[in-house]
Amino acid sequence: MREQEIKLANVKKSCSTTGKVAKVLGILMAVIAVVMLVGGIVMLACKNNINSSIKTEEVSGKVVAHVFSENGTELFSLEQVEDMGKHGILGMFNVVGILMYKGMAAEALAVTFFSTAVTIAILAGIFIIIMKVFKLIENSDSPFSGDVMKKLKTAFIIITVYTFFAVGLGAAALAGVVFWSIYCILDYGYVLQKESDETL
């Protein structure tokens, strides 16, 4: 077996493993997203019971939620951790904070569950895209093909955009630059592969 064939077999093996890991993580994220969605629905279905057992007040600019048992005994209290008041980070609208402030704890929890479900579902989609990219590389004759390059570019763009919304501009800029550099290196390999195929 020539060295080139050994290297290609190793690439296919590593792509197979990475694709399987991405598939498992994608399925896990999808299951968690469904659980979060169900949790949000349960919060809305039980909102009367939940809201009647939670009373909120504002103390020193922070919302404090007091949780009571059925007989009226206070079980515990939760204090707002971040001093965001009724506004979110960078002045964005904080729906959860406003709902908690208005005594709508169940609705606030439901919004949290639903937004988490959406975020995790997007993450599951990213893992599925990654799985498809590595499956394509595994099944192709060369990791440097036009189809692979298109899928990689799509995956890199989606991951960078997700990073921007999930983490922030700095992390997204770093991810974008790193992915662009990797893409340029792989694109150079694709051009060399094309030239090699044309000379044969």
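Residues numbered from 1 in each chain as written. Predicted model: local features only at pLDDT ≥ 70, side-chain atom pairs only at ≥ 80, totals over all residues. Heavy atoms only, no water.

## Some thoughts on the overall build of the protein
Working step 1: From N to C terminus, the protein includes 6 helices and 3 strands.
Working step 2: Expressed as lengths along the three principal axes of its C-alpha atoms, the size of the protein is roughly 80 × 30 × 20 Å.
Working step 3: Counting across all 200 residues of the protein, residues that qualify as buried make up 28%.
Working step 4: In the protein, the share of contacts with a sequence separation of at least 24, taken over all contacts with a separation of at least 6, comes to 54%.
Working step 5: For the protein, the computed accessible surface area is about 13100 Å², with 68% contributed by carbon and sulfur atoms.
Working step 6: One finds the centroid of the 17 positive side-chain charges in the protein at a distance of 6 Å from the centroid of its 17 negative side-chain charges. (Helix = DSSP H or I, 4+ residues; strand = E, 2+ residues; numbered from the N terminus. Buried < 20%, exposed > 50% of the residue type's maximum accessible area, 1.4 Å probe, protein only. Contact = heavy atoms within 4.5 Å. Areas by Shrake-Rupley, 256 points an atom, 1.4 Å probe, with all protein chains shown as cover. Lys, Arg positive; Asp, Glu negative; His and termini not counted. Charge placed at Lys NZ, Arg CZ, Asp CG, Glu CD.)

## Side note on the environment of cysteine 15
Working step 1: Mapped onto the elements of the fold, cysteine 15 is located in helix α1 (residues 3-45).
Working step 2: Owing to a relative accessible area of 5%, cysteine 15 belongs among the buried residues under this scheme.
Working step 3: Residues cysteine 15 and leucine 152, spaced 137 residues apart in sequence, show a C-alpha to C-alpha distance of 13 Å.
Working step 4: Setting aside residues up to four positions removed in sequence, cysteine 15 forms contacts with Phe134, Ile137 and Glu138.

## Considerations on the sheet that holds strand β2 (residues 62-68)
Sheet strands pair by backbone hydrogen bonding; their relative direction is either parallel or antiparallel.
Working step 1: The strand order across the open sheet formed by 3 strands is β1-β2-β3, and the pairing between neighbours is antiparallel. The outermost strands of the open sheet, each flanked by one partner alone, are β1 (54-59) and β3 (74-79). Adjacent strand axes in the sheet meet at a mean angle of 25 degrees when their direction is disregarded.
Working step 2: Pairing geometry for β1 and β2, over 6 bridges, is antiparallel. In the sheet register, valine 59 faces β2, and the bridge partner there is lysine 62. (Pairing = 2+ DSSP bridges. Axes fitted to C-alpha atoms, helices over the stretch in contact; angles between N-to-C directions.)

## Here we look at the nonpolar core
Working step 1: Core analysis: the largest hydrophobic core is formed by 14 residues, its most contacted members being Val133, Ile137, Leu152, Phe156 and Phe179.
Working step 2: When residues in this core are grouped by element, the largest group, 7 residues, is from helix α5 (residues 146-166).
Working step 3: In this view, valine 133 contacts Lys151, Leu152 and Ala155; residues no more than four positions away in its chain are not counted. (Core = buried A, V, L, I, M, F, W, Y, C linked by side-chain atoms within 4.5 Å.)

## Some words on the environment of lysine 23
Working step 1: Its place among the elements puts lysine 23 in helix α1.
Working step 2: The class of lysine 23 is partly exposed, set by a relative accessible area of 47%.
Working step 3: It is 34 Å that separates the C-alpha atoms of lysine 23 and valine 95, two residues lying 72 residues apart in sequence.

Read these as layout, nothing more, since geometry by itself doesn't imply function.
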